[in-house]
Amino acid sequence: MHPQTSYLGTADGRDADLPHQAVESLFNAAPDGLVVIEASGVIVVVNDQTEQLFGYAHNELLGVPIEVLLPESLREVHTQHRAEYLRDPTTRSMGVGLELYGVRKDASRFPVDINLSSLHAGPDMLVIASVRDVTGRKRAELLLEANRLELERSNLDLASFAYVASHDLQEPLRMVSSYVQLLADRYRGKLDPDADDFIHFAVDGVQRMQTLIRDLLDYSQVGTAELALVAVDTNELIADTLSSLEPVINDKHAQVTVDPLPTITADPTQLGQVFQNLISNALKFTAPGVVPRIHLSAARGPDNWRLSVEDNGIGIDAVYAERVFAPFKRLHGLGEYPGVGLGLSVCKRAVERLGGRIWVDTASDGGSTFSFTIPDAPEGADATRQ
Amino acid sequence: MPLDSSPIQILLVEDNPGDVRLTAETLRTGKVANDLHVAKDGEHAMAFLRRETPHTGAPRPDLVILDLNLPRKDGIEVLAEIKQDDSLHVIPIVILTTSAAERDVLQSYELKANAYITKPIDVHDFIAAVTSIEDFWLHIVRLPRA
């Protein structure tokens, strides 16, 4: 701390208008460095923060030109800017849009924000510069930018992985699948029972692998593809989804009922995939001999729509209600209910990208209701959201 | 075509032996007598078409089935060269590729491919696709005689 000196008693003996004690307390309590200069550019007062920021004792600064606190390369141009400010001394930020730096006594630099204001007018004018060290903010900005670039890169990696998966993995698998299938077509029942078994397992494995690759592709694309947000009539979307599921619906004699549904802002491809996966699951996870009954409904929330797919299937133990949305999480053996365990992960990813959430409620009499929300006008509704 | 009894000459440009075999087996049991010639890359295909050594005795194909993803000279280059060659450009070219990319489809048609087919993943669908190429190009349409 300083000795009890009133810094507002200025070098040439002028007095400020406020009681010294009060002004001085305010002055030194300010979180920013405060530097008062005369029209000539000479420093007349600094506060405690200025000493700490720049590493000078206050008496080392009094009476010297303000330019001592600036990088050498800017000192000359600053003298001109100072003269311009004196002609139009409004309160404002200095160097808007420029990177400003202060220079400490030890010659090290640090980034600053500076606000200017003035006291008095005419030849007695005093200019007050409020100096804030923004090192922390700059560092955070740099970190944020680095993280953004890293995220962009990893999304690109994922997108190129999706491409590799689609092309390079599918190609050899198509060969395995084709020839195993031909073996099955031509030689089933013509070799011995073991051979038939082996062929069956090979065909089955290949088919699951193909489903897996397709689902993995869906999963990575739902996270990386650009969103095309438009007004989607969910009635039409559901009609399309149901018609693509018609073979399964007919096969299971399923009863599907649909309430009137709203028009919402979403990416139609991804929203379609959510419905497709939820309805497929509702058709798949039914007890043997039970006719699937599926009901689709919508409810208005304060700032979103909630869409629900209710079924009379085998239900989900409440313990697993969260876990079913994790990738590759399956609650049943392949023999009971086929699948690779990515369908609900795809739903979760798609819904969350649209700014909503997804969950499952289990009824006491069995069956489950999957619900998700879609916000009315997703924040930053453009095609570049991550 | 049915009036002419000489077999139809088909050039299959394909580097995947598995697909060559599938295509060959399908065409062998087709409606129309045909001779299948196989080129394993783009350079081989152009040498065959231009009857360069050692293909001096090569027949002129009535139909080319062309994969896009080929070693050395790729399918797009082969397509462009055939369509720019006054002595070859009337030969119908069917693209049969794993690519479903829109830019490949567009570029192929811009270069005057006569049809573009993405290889179906399921083997029965693949056989059906080759059968329909055979049926349409060798049976239904009338091709120019060299």
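First, a word on what this report is: a plain description of the structure on this page. Here the structure is a predicted model, which is why all the values come from computation and not from measurement.

Here we look at the overall build of chain B
Scanning chain B for helices and strands turns up five helices and five strands. Secondary structure elements of chain B, listed N to C terminal, follow the sequence β-α-β-α-β-α-β-α-β-α.

Let's talk about the overall build of chain A
Scanning chain A for helices and strands turns up 10 helices and 13 strands. Going through the 386 residues of chain A one by one, you find that 25% of them count as buried.

Some details on the sheet that holds strand β8 (residues 255–258) of chain A
Residues and elements named next belong to chain A. Here we have five strands laid out as an open sheet, ordered β8-β10-β11-β13-β12, and mixed in their pairing. Every interior strand has two partners, whereas the edge strands, β8 and β12 (358–362), have only one. Along the sheet, successive strands turn relative to each other by an average axial angle of 20°, direction set aside. Here five bridges tie β12 to strand β13 (residues 368–375), and the two strands are oriented antiparallel to one another. When the sheet's bridge partners are listed, I358 is paired in β13 with F372.

Details of the interface of chain A and chain B
The partner chain B presents six residues to the 11 residues of chain A that form the contact. Sorting elements by how many residues they give to the side of chain A that touches chain B places helix α5 (residues 135–187) of chain A first, with 10 residues. Looking at side-chain class alone, the side of chain A that touches chain B contains three nonpolar, six polar and two charged residues.

Regarding helix α1 (residues 17–28) of chain B
Because an α-helix packs 3.6 residues into every turn, residues spaced three or four apart end up facing the same way. Residues and elements named next belong to chain B. An ideal rise of 1.5 Å per residue puts 16 Å on 12 residues; α1 measures up with 16 Å between its terminal C-alpha atoms. Those residues of α1 that sit buried are D19, L22, T23 and L27. Taken down its axis, α1 places every buried residue within 125° of arc, on the same side. Exposed residues lying more than 90 degrees from the buried face of α1 are P17, E25 and R28.

Re the sheet that holds strand β4 (residues 93–97) of chain B
All names here are of chain B. Across the sheet, which stays open at both edges, the five strands sit in the order β2-β1-β3-β4-β5 with parallel pairing between neighbours. The open sheet is flanked by β2 (34–39) and β5 (115–118), the only strands paired with a single partner. Strand-to-strand, the axes of this sheet are offset by a mean angle of 20°, without reference to chain direction. The pairing of β4 with β5 spans four bridges and is classified as parallel. Opposite I95, over in β5, you have Y116 as the bridge partner.

Conventions we followed
- Residues numbered from 1 in each chain as written.
- Chains lettered and ligands numbered in written order.
- Predicted model: local features only at pLDDT ≥ 70, side-chain atom pairs only at ≥ 80, totals over all residues.
- Helix = DSSP H or I, 4+ residues; strand = E, 2+ residues; numbered from the N terminus.
- Buried ≥ 20, exposed ≤ 12 C-beta atoms within 10 Å, placed from the backbone.
- Pairing = 2+ DSSP bridges.
- Axes fitted to C-alpha atoms, helices over the stretch in contact; angles between N-to-C directions.
- Contact = placed C-beta atoms within 7 Å.
- Nonpolar A, V, L, I, M, F, W, Y, C, P; charged D, E, K, R; others polar.
- Expected span 1.5 Å × (residues − 1).
- Arc of directions from axis to C-beta.

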